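Spelled out from the first residue to the last, the chains are:
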Amino acid sequence: MKSLRRRARSLLASREQVEADEERADALAVAGCTPVAELPDRHRASASGVLRSVTLRPREGVPALVAELYDGSGSLDLVWLGRREIAGIVPGRRLVVEGMVTRLDGRRAVYNPRYQLKARPHE
C-alpha cells in the first residue's frame, strides 16, 4: 500500500518535489547527519546532500570557492577560503560535510568544511 501511495505521489508531484524527497531520504540514510533545515547555528554538525552549484566568489581580495549543498530540507553554503577549485567539488556531486555552522548573509554556511565525496548513483 505504501509503495502505491509513493508511486501516485511521484506521478502527481513536480520534479523538484520528487528530487527533494529523494535527497531527504538519502541524507537520513547517512549515519550521524542532520537535515540542513535543523542544523544549529554555532555548533559543529554533519550534513549530507548534493551540490547544486559551485562558484568562485572572492571575499576581500581572497579567492573563495562557494558550493551550495542541498539535502531536500534546505541549502547550506560551503565556503573554502583561498581556493579557486577543488577536484571532485562539482555540481551534481554528492558529499558528506562536517564543520562549524554559521550564518552568512542570512544563510547557513560552513567555512573550510571537512568533506567526503560519495559515489554518484550511476557509478
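Preceding this section is the structure that the text describes.
Peer 1: Teacher, can you tell me more about a nonpolar patch on the surface here?
Peer 2: On the surface, a nonpolar cluster with roughly 220 Å² of combined accessible area is contributed by Val62, Leu81 and Tyr111. Considering the arrangement of structural elements, one finds Tyr111 in strand 5 (residues 107–111). Given a relative accessible area of 30%, Tyr111 falls into the partly exposed group.

Peer 1: How should the packing of aromatic side chains be read in this particular structure?
Peer 2: Working definition: an aromatic ring pair is given by the centre-to-centre distance plus the angle between the planes. Tallied over the full model, the rule gives one aromatic pair. With a centroid separation of 5.7 Å and an interplanar angle of 85°, the aromatic rings of Trp80 and Tyr115 are classed as edge-to-face. Of this pair, Trp80 sits in strand 3 (residues 75–81) while Tyr115 sits in strand 6 (residues 114–118), placing them 35 residues apart in sequence. For Tyr115, a relative accessible area of 32% puts it in the partly exposed group. The side chain of Arg52 reaches across the aromatic face of Tyr70, ending 3.6 Å from its centre.

Peer 1: Can you walk me through the pattern of salt bridges in this structure?
Peer 2: One side chain can pair with another of opposite charge once the charged atoms of both are near each other. A complete count under the given rule lists five salt bridges for this structure. Taking the shortest distance from any N to any O, the salt bridge between Asp41 and Arg103 comes out at 3.0 Å. Pair noted here: Asp41 is in the loop between helix 2 (15–29) and strand 1 (44–56) and Arg103 is in strand 4 (residues 94–104), with a separation of 62 residues, a long-range link. Relative accessible area serves as the criterion here: at 29%, Asp41 is assigned to the partly exposed category. We note a salt bridge from Glu68 to Arg107, for which the minimum N-O separation is 4.0 Å. Note that Glu68 is positioned in strand 2 (residues 64–70) and Arg107 in strand 5, a separation of 39 residues in sequence. Since its relative accessible area comes to 16%, Glu68 is described here as buried.

Peer 1: How should the pairing of strand 5 be read in this particular structure?
Peer 2: Consecutive side chains of a regular strand alternate in pointing toward one face of the sheet and then the other. Bridge analysis of strand 3 against strand 5 gives three bridges, and the strand direction is parallel. From the neighbouring strand, Val79 faces strand 5, where its bridge partner is Tyr111. Pairing between strand 4 and strand 5: four bridges, direction antiparallel. Bridge pairing in strand 5 links Thr102 to Ala109. Between the end of strand 4 and the start of strand 5, which pair antiparallel, lie two residues, with Asp105 showing a positive phi angle near 55°.

Rules used throughout
- Each chain has its residues counted from 1, running along the sequence as written.
- The predicted nature of this model means local features are confined to residues of pLDDT at least 70 and side-chain atom pairs, given and counted, to a pLDDT of 80 or more, with totals for whole chains, interfaces and linings taken over all residues.
- Only hydrogens and water are set aside when side-chain values are computed; all heavy atoms of the structure are taken into account.
- Residues form patches when they are more than 30% accessible in relative terms and have no salt bridge. Like charges link within 9 Å. Nonpolar side chains (Val, Leu, Ile, Met, Phe, Trp, Tyr) link within 5 Å.
- All accessibility values rest on the Shrake-Rupley procedure with a 1.4 Å probe; residue burial counts only the protein chains present in the view.
- What counts as a salt bridge is simple: a side-chain nitrogen of Lys or Arg found within 4 Å of a carboxyl oxygen of Asp or Glu.
- Helix and strand definitions follow DSSP, with helices as H or I runs of at least four residues and strands as E runs of at least two, each counted in order from the N terminus.
- Only protein chains enter the calculation, and the probe is 1.4 Å; a residue is then buried if its accessible area is under 20% of its type maximum, exposed if over 50%, and partly exposed in between.
- Pairing of aromatic rings covers Phe, Tyr and the six-membered ring of Trp, with a centre-to-centre limit of 6.5 Å; geometry is then stacked below 30 degrees between planes, edge-to-face above 60, and tilted otherwise.
- Criterion for a charge above a ring: Arg CZ or Lys NZ at most 6 Å from the ring centre, at most 35 degrees from the ring normal.
- For two strands to count as paired, DSSP must find a minimum of two bridges between them.

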